[in-house]
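As a plain string of letters, each chain reads:
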Amino acid sequence: MTTLETGRTVGAGIDRVDAPLKVTGSAHYPNDFSLPGMVHAALVGSTVAAGRIRGIDVSRAEAAPGVLAVITHLTAPALERGPMTLLGGSPPAPMQDDRILHYGQHIAIVVAESAEQARHAARLVHVEYEAAKAVLDVDDPRAEIVENPWGLDTQRGDIAAGFAQADVVVEDTYTTPDNTNNPLGLMATLASWHGDALTVHDSTQWPHNVRTSLATIFKVPESGIRVLAPFVGGGFGAGLRVWSHVILTVMAARQVKRPVKLVLSRPEMFTSVGHRPNSVQQIKVGATRDGDLVAIEHHGMSSVAMEDDDYEPVSFGSVVAYACPNVLTRDRQARLNIPCPGSMRAPAEGQGNFALESAIDDVARAVGMDPLEFRLRNYADEHPLLGLPWSSKALRECYLEGAERFGWSRRTPEPGSMRDGRWLIGYGLAGVSYPFYQVPCQARASVRRDGSAYVRSAATDIGTGTYTVMTQLAAELLGLEVEQVRFDLGDSDMPYAPQAGGSGLTGALSNAVHTACRRLVQEFLDVVADDAASPLRGAMLDDVTVTDGRVHRIEDAAQGESYADILARHGLEELSADGRSTPPQSEDLGMALAGAFGAKFVEVRIDPALGLLRVARVVSAIDGGRILNEKTAASQIIGGTVGGISQAMFEETATDRGTGRIANATFGDYLMPVNADVPDMEVLFVGGPDRATAVGTKGVGEIGLVGLAAAIGNAVHHATGRRIRSLPITIDQLML
Ligand code: MOS
């Protein structure tokens with residue numbers, strides 16, 4: 001199916017087309033926008049995690065300087081709950097009653113002339129609670145357990161019979177903590193009503209979802225709502241859902257009849273825009289003494305908020321990772337009095353891979369096999385559930401080329417056998433099979449009289465490079481220079497685009513842009529179909545190609561003419577065409593749709609006397625299908641690698657078990673790597689375009705993170721003989 005033949009512009013590691021805007025400060029992020037008459041909002045968050053509001057006194061806040069309105073559950077209008085969607089459902093509508101479901105829950109919004117006045121007045125809102133004992137632990141017997149929440153539990157073969165054949169079985173519990181996404185850009189919303197029409201600037205990864213959700217929530221026509229997000233200061237999943245603060249800002253703007261801006265504070269970011277929920281995972285893996293996997297059983301338990309349905313199937317990745325005949329996976333959620341979780345970079349995979357790839361190493365060692373050799377021996381040449389060949393899979397090349405680059409052959413198998421002075425050295429690796437995720441997407445392409453092109457779709461670029469790679473792709477497909485193409489996004493008035501999430505946007509959008517550009521060339525052929533003056537008269541799309549702004553016959557490049565000439569001769573200012581992509585179906589293609597694959601190789605150095613753990617080197621070998629820009633794609637993997645090191649060794653959102661308060665909700669307290677914690681990271685891309693789609697890109701947004709926790713844990717084991725089963729890996733776990 002892959003039809004993109006050339007590689008003139010596509011693939012080249014060009015600089016970001018939006019870089020000049022960013023470095024000169026002219027890229028406008030949501031909180032950079034101002035409107036005439038704009039006023040500012042601040043939130044009041046609950047200081048208890050469960051119970052009721054017995055009384056709320058807003059009189060001092062209302063009397064404070066500059067205050068225009070204080071809205072609470074007593075005065076808020078009734079709201080519908082937004083629609084539920086995969087990766088982007090709406091949490092419960094805010095301020096609809098007196099119940100408190102979590103610490104930090106928004107219980108009032110204050111609007112004032114200045115942001116400082118709003119924040120000051122918010123502190124004057126006096127709340128009396130009837131506090132209840134919060135449910136904060138997944139093993140609290142009061143926690144409601146949601147069984148098989150997504151219908152994704154799987155069973156293949158006969159798990160009991162599989163374990164009966166095993167010569168070696170490892171069975172352990174792994175835990176991962178809550179993590180908070182923490183994009184650098186504080187999330188902001190600016191809402192402005194004109195009658196029933198509404199314009200919203202928002203830090204969202206999905207403008208169309210904000211539009212649809214707000215139409216539902218406020219019962220106004222979707223056609224009057226415009227959502228803008230030309231630049232977003234990072235997301236990591238925090239911008240996938242339509243959060244309470246967005247809804248409250250829109251509500252406040254309607255009440256005060258002025259544009260209202262709200263910017264979350266950093267502590268509010270920890271309770272308002274999702275987080276990676278913690279997990280407790282039981283994993284059991286069995287193999288024969290020859291090193292054949294015969295059974296994998298993986299149970300995941302994750303936390304979820306009251307009345308929420310966040311999507312986090314942590315065990316599901318274990319189904320397709322290996323050619324193992326007997327597999328059982330099962331996920332449950334425990335309902336707690338916590339802020340709503342949400343997708344955080346590689347949701348579910350990030351947690352599940354840590355347990356699976358740690359256990360795989362333990363089994364390999366138990367059968368006396370090199371961990372790389374063990375993974376290659378149990379390689380899934382076809383999709384283990386569907387029994388179909390993969391649309392692409394170069395995981396074997398990831399392992400082999402990554403191992404070569406890393407120098408895996410220098411590894412001596414015995415734990416503690418490699419040293420450099422006082423440092424113990426450990427080599428570890430992990431494999432990653434990232435799931436395929438693509439949803440429908442649309443784009444529109446135009447070529448104007450001056451020969452330039454304008455291509456757009458309501459997608460977002462959350463720092464990943466969407467502007468750049470789509471500009472390159474359109475330039476390639478339209479035979480133009482990058483400088484002649486403008487790609488625009490971040491506006492819900494543009495053709496529909498899905499979320500920048502699930503590592504799926506680049507795949508979906510590139511196929512939509514491909515279709516739009518091909519149709520646009522067809523439009524030009526249609527215009528000259530009966531044009532006796534045109535050397536392209538009667539030409540079919542397959543007969544022509546485009547070079548230097550000219551459509552010409554493939555067999556004779558002289559037989560052609562420029563876009564500009566065709567438009568001028570026919571008195572047209574521009575031609576446009578729409579394209580859409582619908583995700584392919586495995587059954588139709590006879591192929592299992594593949595996401596990205598990767599192998600991560602890590603060297604750690606440990607000072608056993610001090611418990612110091614340093615990541616010394618990382619090599620990531622990635623099969624991401626077609627790479628549209630080797631520089632931005634490598635940047636994605638490098639950023640994800642830092643996120644993976646962060647998950648493995650630093651990040652833990654600490655909840656006070658008494659009050660449900662987030663105890664480390666600042667950048668001073670929430671640990672993450674600094675430059676000194678981040679080593680040389682090498683990225684190599686292997687494999688080629690995926691066969692299932694026209695452009696054949698698979699998305700590299702999340703695979704960079706996955707596998708680091710297991711690879712670091714495996715390297716720590718190799719260095720010390722100690723298996724760490726609880727993230728983050730900290731000094732106290734390493735003191736020998
Ligand atoms: Mo991603 S966590 O799907 O933004």
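- Under the annotation held in an unreviewed UniProt entry, the protein chain carries the name Xanthine dehydrogenase family protein molybdopterin-binding subunit and is attributed to Streptomyces viridiviolaceus.

1. Looking at the overall build of the protein chain
Part 1: Each helix and strand in the protein chain was counted, giving 17 helices and 28 strands.
Part 2: The C-alpha atoms of the protein chain give a radius of gyration of 27 Å, which matches the 27 Å a tight globule of 736 residues would have.
Part 3: If you line up the protein chain on its principal axes, its C-alpha atoms span 80 × 70 × 50 Å.
Part 4: When each of the 736 residues of the protein chain is scored for burial, the buried share is 62%.

2. Looking at the domain arrangement of the protein chain
Part 1: In terms of domains, the protein chain is made up of domain 1 (19-27 + 439-583), domain 2 (33-133 + 184-234 + 239-272) and domain 3 (279-437 + 589-734).
Part 2: Relative to domain 2, the C-alpha centre of domain 1 lies at a distance of 39 Å.
Part 3: Domain 1 puts 23 residues into the contact, and the matching count from domain 2 is 18 residues.
Part 4: Here domain 1 and domain 2 share an interface that buries about 1600 Å² over both sides, 56% of which is from carbon and sulfur atoms.
Part 5: Considering only the surface of domain 1 that becomes buried against domain 2, Ile462, Ser492 and Gln499 emerge as the three largest contributors, covering 35% of it.
Part 6: Between domain 1 and domain 2 we count two salt bridges in total.
Part 7: The tally of links between domain 1 and domain 2 comes to 11 residue pairs in polar contact (both at pLDDT 80 or more).

3. Here we look at the packing of aromatic side chains
Part 1: Summed over the entire model, instances satisfying the criterion amount to 13 aromatic pairs.
Part 2: With a centroid separation of 5.3 Å and an interplanar angle of 75°, the aromatic rings of phenylalanine 270 and tyrosine 670 are classed as edge-to-face. In this pair, phenylalanine 270 sits in helix α7 (residues 266-272) while tyrosine 670 sits in the loop between α15 (630-649) and β28 (680-685), placing the two residues 400 residues apart along the sequence. For the residue pair phenylalanine 270 and tyrosine 670, the accessibility class agrees, reading buried in each case.
Part 3: Clustering of aromatic rings is evident, with ring pairs tying together Phe406, Trp408, Tyr427 and Phe601.
Part 4: Stacked on the ring of tyrosine 379, the Lys or Arg lysine 393 has its end atom at 4.4 Å from the ring centre.
Part 5: Positioned over the ring face of tyrosine 379 is arginine 396, at 4.2 Å from the centre of the ring.

About the cut-offs
- Residues numbered from 1 in each chain as written.
- Predicted model: local features only at pLDDT ≥ 70, side-chain atom pairs only at ≥ 80, totals over all residues.
- Heavy atoms only, no water.
- Helix = DSSP H or I, 4+ residues; strand = E, 2+ residues; numbered from the N terminus.
- Rg over C-alpha atoms; globule rule 2.2 N^0.38 Å.
- Buried < 20%, exposed > 50% of the residue type's maximum accessible area, 1.4 Å probe, protein only.
- Domains from an automatic or database assignment.
- Contact = heavy atoms within 4.5 Å.
- Buried area = accessible area lost by both parts, 1.4 Å probe.
- Salt bridge = Lys/Arg side-chain N within 4 Å of Asp/Glu carboxyl O.
- Polar contact = N/O pair within 3.5 Å; in protein donor to acceptor, adjacent residues only side chain to side chain.
- Phe/Tyr/Trp six-rings, centres within 6.5 Å; stacked < 30°, edge-to-face > 60°.
- Lys NZ or Arg CZ within 6 Å of the ring centre and 35° of its normal.

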